[in-house]
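For reference, the chains in residue letters:
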Amino acid sequence: MKKAFITGITGQDGSYLAQFLLEKGYNVYGLTRRTSTQNFERIKEIIHHPNLELISGDLVDQQSITFALQDIQPDEIYNLAAQSFVKASWEQPVLTGEFTAIGVTKVLEAMRLACPKAKFYQASSSEMFGKVREVPQNENTPFYPRSPYGVAKVYGHWITVNYRESYDLFAVSGILFNHESPRRGLEFVTRKISNTVARIKLGKEEVIELGNLDSKRDWGYAKDYVQAMWLMLQQDKADDYVIATGETHSVREFLQIACKVAGLGDYEKYYKHNKKYDRPAEVDLLIGNPEKAKKVLHWSPTISFEELVTLMVEKDLEFELKNSN
Ligand code: NAP
Ligand code: GDD
């Protein structure tokens, strides 16, 4: 049985990846940090799975990662843990650097010492393209990050490449464009919209306050994207890949479709601009070119933008109906 170690297992991607690997017959080990209240909501369906083990640790604590890897001797390591909310990275730039940048080196160092034959996946991001130098963006597009988060991810990307080249480790960087799901955190714009629109429909809210509606993102479905992570580690050669749908849509379009799906009609009746959601520097346009992943990994997205919005709104309508307060 193969063994996989996942940092960030309680997050959106970590929870889907763990489920995916358990279904493939892996033994899965998930790193979780100590919290005063448990946050296992996203892994509640798999928490009692006999092949899942949770390990206590934190990206800022080198020993917790080194000891975990020494004990487990995993075949595959997926480094998904990060301070992943772009807006918060201006409020906590140092913490973002510690977790999202230096944290990567800590996992790589632990792997180099404890299990150098393992395969390593780094969760890199289209935020690295920031103020884009080329449209669409591919593996060779130069980076121009626009937030402390984006800067930290550029570090994480290059340290992964550097460890691959310096120590001959199997280390890959997946440059993933935005991917969403009903498990997305409520602070990200897609889930904020799907959830608030559902609450408006059920009479729990009257308005939705947002920032910039004109930015455009290449939005895919998280379940498709975790499969791409796994595929990258099944190759004979370590390499970096862009994972994207190749389509871009504005926040406004997401909101328009969400209101339509919920049967609310015109979004302008509910939308209010609140400048507190604007960013000091914006990423205006992201659109990825996934040709390399399609050709080499035989990966492609399975659902359209409209289907993704519909799925998220319908799930939030169900969720808000169940939680009637
Ligand atoms: P997420 O839902 O925010 O999950 C982040 C995970 O990291 C959580 O499990 C969190 O634990 C954990 N974590 C944070 N700080 C940690 C620390 N110091 N030590 C240990 N664990 C820590 O993020 P996601 O959407 O699943 O994204 C997964 C990864 O992909 C992230 O690295 C993100 O930056 C990157 N990425 C995401 C996207 C996207 O569109 N979703 C696109 C490109 C790249 P708690 O539950 O305890 O907070
Ligand atoms: N969160 C949020 N809240 N964003 C808003 C709002 C709002 O009220 N109003 C407008 N937006 C705009 C933001 O300004 C941004 O242009 C866009 O919606 C998307 O914001 P987020 O959903 O927070 O995602 P992100 O693109 O900044 O970052 C996500 O994708 C990256 C990959 O490109 C995160 O998942 C990152 O971790 C990931 O790396």
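Structure: above.
What you see is a predicted model, and the numbers here were worked out from it, not measured in a lab. Each chain has its residues counted from 1, following the order in which its sequence is written. Naming scheme: in the order in which they are written, chains are lettered from A and ligands are numbered from 1. Restriction of local features to residues with pLDDT of at least 70 applies here, the model being predicted, together with a cutoff of 80 or more for giving and counting side-chain atom pairs; totals for whole chains, interfaces and linings are based on all residues. Values shown for side chains rest on all heavy atoms present in the structure; no hydrogens or waters enter the calculation.

Q: Pulling in residues and values, what's your account of the site of ligand 1?
A: Neighbouring ligand 1 are 24 residues; Thr-10, Asp-13, Arg-33, Ser-84 and Tyr-149 lie closest to it. N or O atoms closer than or at 3.5 Å make up a polar contact, with two conditions inside protein: a donor-capable atom paired with an acceptor-capable one, and, for residues adjacent in sequence, both atoms drawn from side chains. Between His-179 and ligand 1, the recorded distance is 2.9 Å, taken from a backbone N or O atom to an oxygen atom. Surface burial for ligand 1 is 90%, taken as the share of its 900 Å² of free accessible area covered by protein chains. Put simply, DSSP marks the helices as runs of H or I at least four residues long and the strands as runs of E at least two long, and each gets a number from the N terminus on. Mapped by element, the contributors of at least two residues to the shell around ligand 1 are helix 1 (12-23), strand 5 (119-125) and helix 5 (148-167). A total of three residues in the shell around ligand 1 trace back to one element, the largest contributor, which is strand 5. Residue type decides the class: Asp, Glu, Lys and Arg count as charged, Ala, Val, Leu, Ile, Met, Phe, Trp, Tyr, Cys and Pro as nonpolar, and the leftover types, Gly among them, as polar. Counted by class, the shell around ligand 1 contains nine nonpolar, 10 polar and five charged residues. Proximity is defined per residue: any heavy atom of the residue falling within 4 Å of a molecule or strand makes that residue near it. Per-residue accessibility takes into account occlusion by the displayed protein chains alone, with areas from the Shrake-Rupley method and a 1.4 Å probe.

Q: Tell me what's going on with the layout of surface pockets, and back it up with residues and numbers.
A: The method works on a 1 Å grid over the protein atoms by themselves. A cavity is a set of points holding a 1.4 Å probe that cannot get out, a pocket is an open set with protein on both sides within 12 Å along at least five of seven lines, and residues with an atom within 4 Å of a point line them. Grid points are joined across faces, edges and corners, and a volume is the space filled by probe spheres set on the points. By volume, the second largest pocket amounts to about 170 Å³. Take the lining of the second largest pocket: its biggest share by element is three residues, from helix 5.

Q: A description of the sheet that holds strand 5 should follow, citing residues and the corresponding values.
A: In short, DSSP must find at least two bridges between two strands for them to pair. Overall, parallel pairing links the seven strands, which are arranged 3-2-1-4-5-6-11 in an open sheet. Single-partner strands in this sheet number two, and they are strand 3 (52-56) and strand 11 (241-243). Direction aside, neighbouring strands of the sheet carry axes that sit 20° apart on average. Summarising the sheet, strand 6 (residues 170-176) and strand 11 pair through three bridges and their orientation is parallel. Counted as the bridge partner of Ile-175 is Val-242 from strand 11. Strands strand 1 (3-7), strand 2 (27-32), strand 3 and strand 4 (76-79) of the sheet are contacted by helix 2 (residues 62-72), whose axis makes an angle of about 165° with strand 1. Here the axes come from fitting lines to C-alpha atoms, over the contacting stretch only for helices, and the angles between their N-to-C directions go from 0 to 180 degrees. Whether two residues touch is decided by their heavy atoms; if any such pair falls within 4.5 Å, the residues are in contact.

Q: If you had to explain the side chain of Glu-127 to someone new, which residues and values would you point to?
A: Relative to the elements of secondary structure, Glu-127 occurs in the loop between strand 5 and helix 5. Buried residues are those whose accessible area, probed at 1.4 Å on protein chains only, stays under 20% of the maximum for their type, while exposed residues exceed 50% and partly exposed ones sit between those limits. Overall, the relative accessible area of 8% leaves Glu-127 in the buried class. The contact partners of Glu-127, leaving out residues within four places of it in the chain, are Val-86, Pro-145, Ser-147, Tyr-149, Gly-150, Arg-217 and Val-283.

Q: Before we move on, could you go through the packing of helix 6 (residues 189-201) against helix 8 (residues 251-261) and cite the residues and values that matter?
A: Orientation of helix 6 relative to helix 8, taken along the N-to-C sense of each, is 25°, at an axis distance of 10 Å. Regarding the angle of helix 6 to helix 8, the classification is roughly parallel. Relative to helix 8, the crossing made by helix 6 is right-handed. On helix 8, the residues touching Val-189, Thr-190, Ile-193 and Val-197 of helix 6 are Val-251, Phe-254, Leu-255, Ala-258 and Cys-259. Its residues assigned to classes, the contact of helix 6 with helix 8 shows eight nonpolar, one polar and no charged. Here roughly perpendicular refers to angles of 65 to 115 degrees, roughly parallel to angles under 35, roughly antiparallel to angles over 145, and oblique to all remaining angles. In this scheme, a crossing is called left-handed if the near helix is turned counterclockwise away from the far one by less than a right angle; it is called right-handed if the turn is clockwise.

Q: I'd like a rundown of the site of ligand 2, residues and numbers included.
A: Lining the immediate surroundings of ligand 2 are 23 residues, of which Ser-125, Ser-126, Tyr-149, Arg-279 and Glu-282 lie closest. At a separation of 2.7 Å, an oxygen atom of ligand 2 approaches a polar side-chain atom of Asn-178. Between an oxygen atom of ligand 2 and a side-chain N or O atom of Arg-217, the distance comes to 2.8 Å. Burial of ligand 2 by the surrounding chains reaches 96%, relative to a free accessible area of 720 Å². By convention here, the domain bounds are inherited from an automatic or database domain assignment. Inspection of the shell around ligand 2 shows a minimum of three residues originating in each of domain 1 (3-179 + 220-243) and domain 2 (184-217 + 248-322).

Q: Got a sec to walk through the packing of aromatic side chains? Specific residues and values, please.
A: Between the rings of Phe, Tyr and Trp (Trp by its six-membered ring), a pair exists once the centres lie within 6.5 Å; its type follows the angle of the planes, with under 30 degrees stacked, over 60 edge-to-face, and the other angles tilted. Tallying each qualifying case throughout the model produces 12 aromatic pairs. Look at Trp-219 and Phe-305: their rings are 6.0 Å apart centre to centre, the planes differ by 20°, and that puts the pair in the stacked class. Highlighted residues: Trp-219 in the loop between strand 9 (216-217) and strand 10 (220-221) and Phe-305 in helix 10 (residues 305-322), separated in sequence by 86 residues. Across the pair, exposure class does not vary: Trp-219 and Phe-305 are buried alike. Put simply, the rings of Phe-129, Phe-143, Trp-158 and Phe-177 pair up and form one aromatic cluster. Remark: a charge is flagged as sitting over a ring if the NZ atom of Lys or the CZ atom of Arg is within 6 Å of the ring centre and within 35 degrees of the ring normal. Across the ring face of Tyr-16, the terminal group of Arg-183 is positioned such that the distance to the ring centre comes to 4.1 Å. Here the guanidinium or amino end of Lys-192 rests over the ring plane of Tyr-277, the centre of that ring lying 3.2 Å away.

Interpretation in functional terms is not warranted from these geometric data alone.
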